[in-house]
Amino acid sequence: MAAISDINFPLTFSEQTMFACREFSKEREKANARGEFQKIREKHQFDEDLKGYREWITQAEDMDPMNEEGSGDEKRECDNWPCGKPA
């Protein structure tokens, strides 16, 4: 490809169109790359949010007295609540 300094000016309409198309193609490639980067970043953010949500649920389950496993013989704190359920 010829460098711009090697080109005799003025350019014909078809030459101007060719240069414009090349520049447009470069910009389109940059936009596509930005779009792909944005998709990857959004996926990473979603994965991080999901991980945090799962940790939050796990902590809540660990703290939930109704979710405790056992033989059922021991009296649980929730059994003291009216009607067996918290308000």
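Owing to the predicted nature of the structure, the values given are computational and were not obtained by experimental measurement. (Residues numbered from 1 in each chain as written. Predicted model: local features only at pLDDT ≥ 70, side-chain atom pairs only at ≥ 80, totals over all residues. Heavy atoms only, no water.)

Explain the overall build of the protein chain to me, please; I cannot follow it from the model alone.
The number of helices and strands found in the protein chain is one helix and zero strands. Buried positions account for 6% of the 87 residues belonging to the protein chain. Accessible area for the protein chain stands at about 8,200 Å²; split by element, carbon and sulfur atoms hold 56% of it. (Helix = DSSP H or I, 4+ residues; strand = E, 2+ residues; numbered from the N terminus. Buried < 20%, exposed > 50% of the residue type's maximum accessible area, 1.4 Å probe, protein only. Areas by Shrake-Rupley, 256 points an atom, 1.4 Å probe, with all protein chains shown as cover.)

How should the pattern of salt bridges be read in this particular structure?
When the charged atoms of two side chains with opposite charge come close together, those side chains can pair. Inspection of every chain in the model, using the stated rule, returns four salt bridges. With its nearest N and O atoms 3.6 Å apart, the salt bridge here joins Lys26 to Glu23. Separated by three residues within a single helix, Lys26 and Glu23 lie in helix H1 (residues 13-63), roughly one turn from each other. Take Lys26: its relative accessible area is 42%, and that puts it in the partly exposed class. Between Glu36 and Lys39 there is a salt bridge, with its nearest N and O atoms 3.8 Å apart. With Glu36 and Lys39 both in helix H1 and three residues apart, the pair spans about one turn of that helix. According to the relative accessible area criterion, Glu36 is partly exposed, its value standing at 44%. On the basis of relative accessibility, which here comes to 52%, the residue Lys39 falls in the exposed class. (Salt bridge = Lys/Arg side-chain N within 4 Å of Asp/Glu carboxyl O.)

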